[in-house]
Every structure is written in C-alpha cells, then in structure tokens.
Amino acid sequence: ADRRRVEAFYRDQGYYEARAEVSVEPAGPGRVRVVFRVTEGRPTRVASVTVNGLDAAPEAHALAGALPLHPGDVFTLSAYDAVRARIADALARTGWATAQLSQHAEVHPESATADVTYDVVPGRRWRFGEIEIDAPSALPREKILDQALGAIRPGDWFDESKLPVAQSRVFQ
C-alpha cells in the first residue's frame, strides 16, 4: 500500500513511469528501517493545451489571463486543476453564474506527453437584480439594504466575489 501511495504521489507530480521498491532492513535490536527506492522515469510533458468555448465569454477570457499550464511544462495535477479553477473563477466573476466547465487530459505514456482540453459552455450571462430584504420587522431594513448596496449594484453583471463582501458589510 505504501509503495502504491509513493507511485501515486509521483504520478500527481507528472512522473507516470515512476516505480517504487520498498525494503525493510534491520536497524538494531528490535528496530527496522524502511527504505523506499524510487525510479522516477521520464516526466510527462504537456504537448497541448486547448480551451474551447471561452471566446464566447470575452470578459471572462480577459480576466482569466495567461493560464498556468503551457506546452513543455511537466504535467502536474495541481497545474491542471489550477487552470480549471482560474477559468471557473473568471466566469463566476464576470456574469456567467451558470457556466459549465469540464476538463480532460489524455496522457500518452509511450511519448511521455499529455494533451489537455478544457470545454466551456458559458450559457446565459446574468446581472444582479433588485435586492430584497426578507427579515422580521424589528431589523433595520434600510440599514441592511444600504450595506448590501455598498457591494452589489442592481443591473451590474453578476460577480460571485461580491456576495461575501455584501454579507460582511451587512454583518459589521
């Protein structure tokens, strides 16, 4: 089980050929030393990165900026997932609240390369609507509304990052 965990760790770091050997050696009376010998093999390198559909959301495309995964990079799961997170965040901050995003990596062990694809379906672009305060009458509705309006303006494009700001302002 430990050998498999070590090999899985190396795969996550882009070393799909990594092999681990485990040996247990005496280390004194009543003690042993566990030794892992790892052969990394070739790193798997990104051959291509394709993002489909993001051009249909130009503001999100601009906000996402340069993505942290490029041809020639070692293919790591953290960089692969970081691209997805950056695209998802850019969509959520520029009005595409219901966008769909999928990712796919095809690893080619024989050439130690990976082709990476992200598919974006932006869907409808959303704006903030009127803010409604649904609270017992004892609460100061106007104060709550004023605080929320400090972060969210009806008619602006939906921006998910403004929601916690509005909540924080209300609960100050």
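Every value quoted in this text rests on a predicted model; they were computed, and no experiment measured them. (Residues numbered from 1 in each chain as written. Predicted model: local features only at pLDDT ≥ 70, side-chain atom pairs only at ≥ 80, totals over all residues. Heavy atoms only, no water.)

J.: Before we move on, can you summarise the packing of aromatic side chains with the specific residues and values?
T.: Evaluation of the coordinates by the stated rule reveals six aromatic pairs. With 6.4 Å between their ring centres and 25 degrees between their planes, Y16 and F75 make a pair best called stacked. Of this pair, Y16 sits in the loop between α1 (2-12) and β1 (19-26) while F75 sits in the loop between α2 (58-64) and α3 (77-93), and the two are 59 residues apart along the sequence. The class for Y16 is partly exposed, based on a relative accessible area of 25%. Using a relative accessible area of 2% as the deciding quantity, one classes F75 as buried. Relative to Y118, the ring of Y80 has its centre 6.0 Å away and its plane inclined at 45 degrees; by these criteria the two rings are tilted. Remark: Y118 occurs in strand β5 (residues 113-121) and Y80 occurs in helix α3; sequence separation between them is 38 residues. Each member of the pair, Y80 together with Y118, is buried. Lying across the ring of W126, R124 places its NZ or CZ 3.9 Å from the centre. One Lys or Arg, R127, reaches over the ring of W157 and ends 3.7 Å from the middle of that ring. (Phe/Tyr/Trp six-rings, centres within 6.5 Å; stacked < 30°, edge-to-face > 60°. Helix = DSSP H or I, 4+ residues; strand = E, 2+ residues; numbered from the N terminus. Buried < 20%, exposed > 50% of the residue type's maximum accessible area, 1.4 Å probe, protein only. Lys NZ or Arg CZ within 6 Å of the ring centre and 35° of its normal.)

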